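Single-letter residue listing:
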Amino acid sequence: MDRFNFDEIIDRRNTYSVKYQALKALFGREDITPLWVADMEFRSPECIRAKLEEYVNSGIYGYDAEPPQMKPAIAQWLLQEHGWKVDCSWISFIPGIVRGIGLAVNFFTKPGDKVVVQSPVYHPFTNVPKGNGRIVLRNPLKDRKMDLDHLDSMLTAEGPVKMLILCSPHNPGGYLWSREDLIQLAEICHRHGTLVIADEIHSDLCLWGNRNISFASVSEKAAENSITFGAPSKTFNIPGFASSFSVIPNPKLAKPFYEWLEANEFSSPSVFASVGMITAFTEGKPWRDAALRYIEKNILYLEDKFAAFRAGGVQLVKPVRPQSSYLVWLDCRDLLRRLAGKDDLKPEDQALLEDYFVNKVKVGLNTGVMFGPEGLGYMRLNAGCPRSMLEFDLPEVK
Ligand SMILES: Cc1ncc(COP(=O)(O)O)c(C=O)c1O
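Residues numbered from 1 in each chain as written. Predicted model: local features only at pLDDT ≥ 70, side-chain atom pairs only at ≥ 80, totals over all residues. Heavy atoms only, no water.

Draft legend 1. A look at the nonpolar core. Counting residues in hydrophobic clusters, the biggest one holds 69 residues, and the most contacted among them are Leu35, Phe309, Leu335, Phe357, Leu381 and Phe392. A total of eight residues in this core trace back to one element, the largest contributor, which is helix H12 (residues 285-307). Residues within four places of Leu381 in sequence aside, it is in contact with Leu35, Leu302, Tyr326, Leu327, Val328, Leu330, Leu365, Leu390 and Phe392. Formed by 28 residues, the second largest nonpolar core is a distinct cluster that contains Leu141, Ala186, Ala198 and Phe215. (Core = buried A, V, L, I, M, F, W, Y, C linked by side-chain atoms within 4.5 Å. Buried < 20%, exposed > 50% of the residue type's maximum accessible area, 1.4 Å probe, protein only. Helix = DSSP H or I, 4+ residues; strand = E, 2+ residues; numbered from the N terminus. Contact = heavy atoms within 4.5 Å.)

As structure tokens, then:
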């Protein structure tokens, strides 16, 4: 018998879970299966609960001190999982990755500065710089790869461009970038004076035997000109702890940024964040490995289900198999063409797809266009859940 029970259905209503609490506001109804926001329906590793129980039971919750084991635990994890040798002096605690991106945007750029994102991409990459009065430029992916020629010419035409936010592995597609592409990206951004923020939150969720390559490890130019953000949050299902870290090999970037974080106490973890992270990285690997094997089977299950969903000889929804992460990018363009009764899709047609999934299939997914206009005709499904939550029917489309 498996040591971990990923089939267990846990009732998360009334547990402060945004995935459930926001159903009505987002989808207009609550009687649907939520497969949207990126946390998993699995109970987090027992070792984390057990460790934090000691603290909770102490009944005294004074000011927290960062445990001396935290940075070595992060460095050891990066070495063991990614072959990336990191010095502890390069590391700082960060209270969540989106917040980290906000802090970096505020520290390294000014209002009116330009920031590049490679869309379709995790929406806060666009919303955070925009919300801080920065100009966001899009370098859309081409055939599910970074369009590095376009990036180079855009940085020349639009320069100076202060920052590029890299999603590696990529959300929503679950793509891993090749070493060659990362080296070329580092070279282009270095040449144009564009700082790379590498968000590697999904890097510990590689599937099918894939390996992640840490951006900063690919070349000296990458190490010199980047800030990497990582976290145990997705991998061990502890995003509620707001526990993340940054790695900056270049002291010219690290020193002023880390001094500023410290001056504002942004780099002080809570006990949940620090002890949760240490325990995840030192004791959580068996749970993570078992969860990934379960998720692979979920993805195969979904592939079979969608393969059988056809009309007029056409497969209507084609899941893009993620190389890393439990998020599945669904290419629903043929379904949308059928729903809209035309080939030429327009942004306003996306509502038909959303309506189909919410009101016919009764599942709450992320709509593709929230990741950028390139997401037209796509939906994102969270497969980090018991398989029974994926056993929805796909009603026929005329
Ligand atoms: C690429 C990416 N970065 C960051 C986050 C969120 O990180 P945090 O909760 O630490 O802000 C997510 C969550 O889905 C994500 O997909």
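Draft legend 2. Broad picture of the packing of aromatic side chains. Taken as a whole and assessed by the stated rule, the structure comprises 27 aromatic pairs. Centre to centre, the rings of Phe42 and Tyr294 are 5.6 Å apart; their planes meet at 90 degrees, and the pair counts as edge-to-face. In this pair, Phe42 is assigned in the loop between strand E1 (33-34) and helix H3 (46-58) and Tyr294 in helix H12, connecting sequence segments 252 residues apart. What makes Phe42 buried here is its relative accessible area of 4%. Classification of Tyr294 by relative accessible area gives buried; the value is 11%. Between the aromatic rings of Phe257 and Trp260, the centroid separation amounts to 6.2 Å while the plane-to-plane angle is 25 degrees, which identifies the pairing as stacked. (Phe/Tyr/Trp six-rings, centres within 6.5 Å; stacked < 30°, edge-to-face > 60°.)

Draft legend 3. Representation of the site of the ligand within the structure. Inspection of the region around the ligand gives Ala38, Gly96, Ile97, Val98, Tyr122, Cys167, Asn171, Asp199, Ile201, His202, Lys234 and Ser244 as its neighbouring residues. A distance of 2.8 Å separates an oxygen atom of the ligand from a polar atom in the side chain of His202. In isolation the ligand offers 400 Å² of accessible surface; the protein chains occlude 87% of this area. Class assignment for the residues of the shell around the ligand results in six nonpolar, four polar and two charged. (Near = heavy atom within 4 Å. Polar contact = N/O pair within 3.5 Å; in protein donor to acceptor, adjacent residues only side chain to side chain. Areas by Shrake-Rupley, 256 points an atom, 1.4 Å probe, with all protein chains shown as cover. Nonpolar A, V, L, I, M, F, W, Y, C, P; charged D, E, K, R; others polar.)

Draft legend 4. Representation of the domain arrangement of the protein chain. In terms of domain boundaries, the protein chain breaks down into domain 1 (18-45 + 286-390) and domain 2 (64-283). The C-alpha centroid of domain 2 is placed 26 Å from the C-alpha centroid of domain 1. Tallying the contact residues gives 33 residues for domain 1 and 32 residues for domain 2. Inspection of the region where domain 1 meets domain 2 yields two salt bridges. The shortest N-O distance in the salt bridge between Glu374 and Arg138 comes to 2.3 Å. The tally of links between domain 1 and domain 2 comes to 21 residue pairs in polar contact (both at pLDDT 80 or more). For the side of domain 1 that touches domain 2, the elements supplying multiple residues, two or more each, are H12, strand E12 (327-331) and strand E15 (378-382). Here the side of domain 1 that touches domain 2 gets nine residues from one element, more than from any other, and that element is H12. In terms of residue class, the side of domain 1 that touches domain 2 is built from 19 nonpolar, five polar and nine charged. (Domains from an automatic or database assignment. Salt bridge = Lys/Arg side-chain N within 4 Å of Asp/Glu carboxyl O.)

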